Amino acid sequence: MTRLSKTFFIFILVTLATACGNSETESNEPQNSETTNIEIPDRLGFTFSPDRSPIWIYDHNKSLPQQNRKVDSDTLQPQVLIDLINSTKGGDTVRLELKGISNDTVFLKIHNSEILTQQMGSAGADDYLSTATFTLTELEKVKYVNFDFEVGDHASPGTYSREYYIDRHERNEKLKTPQQINASRH
């Protein structure tokens, strides 16, 4: 290969490498790095914020839900909250179905509850039921959530409230030894 051929070959390689490595694309649309917070109607006709993050998340150290974000309870709708729980907690495996609301209680059905009761473990089932309870008791005048499903090793159907979980947490804290308390602080 002659010197001119080698130079031409290297030039072609450098040109190709530069062209392939260029990730910028030209666009006639203006680039905007800010996101716009808009209201989007969901499939049920309710309006919700694009923030579909959970309202309550489970603290595994305390075995108790912690508030993830504030909501205006005046604007909440039961089915919107159930859709939020279904999309953030159960995925396609554990699905809540609204059966009704009576006085201060929301009634739910969980079909095919084996994932919840047999496969999530005790902590996973507690996470699911407690965060669903705390989320749904954000509704005005709702204090209780009744879950109807097949009993299993890790979860039982019944009526739950925030007070149930808070009282349970306080009882468990009283039972801890000084060594357990010190270990949980570090």
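Residues numbered from 1 in each chain as written. Predicted model: local features only at pLDDT ≥ 70, side-chain atom pairs only at ≥ 80, totals over all residues. Heavy atoms only, no water.

Caption draft 1: Geometry of helix 2 (residues 78-90). Relative to the 18 Å expected for 13 residues at 1.5 Å per residue, helix 2 spans 17 Å between its end C-alpha atoms, a close match to the ideal helical length. Restricting attention to buried positions, one finds in helix 2 the residues P78, V80, L81, I82, D83, L84, I85, N86 and G90. Where helix 2 terminates, the next one or two residues include G91, which has phi positive at roughly 60°. (Helix = DSSP H or I, 4+ residues; strand = E, 2+ residues; numbered from the N terminus. Expected span 1.5 Å × (residues − 1). Buried < 20%, exposed > 50% of the residue type's maximum accessible area, 1.4 Å probe, protein only.)

Caption draft 2: Structural view of unusual backbone geometry. Even without glycine at this site, N103 takes up a positive phi of about 55°. Along the chain, N103 turns up in the loop between strand 5 (96-102) and strand 6 (105-110). Residue N103 is classed as exposed on the basis of its relative accessible area of 73%. Not every positive phi belongs to a glycine, and N112 is a case in point at roughly 50°. Note on placement: N112 falls in the loop between strand 6 and helix 3 (114-119).

Caption draft 3: Representation of the nonpolar core within the structure. Counting 28 residues, the largest nonpolar core has L96, L116, L129 and F147 as the members making the most contacts within it. For this core, the leading source of residues is helix 4 (residues 121-136), giving 6 residues. For L96, the contacting residues outside a window of four places in its chain are I82, I85, N86, L108, K109, I110, Y128, A132 and F147. (Core = buried A, V, L, I, M, F, W, Y, C linked by side-chain atoms within 4.5 Å. Contact = heavy atoms within 4.5 Å.)

Interpretation note: all reported values are geometric properties and have no functional meaning in isolation.
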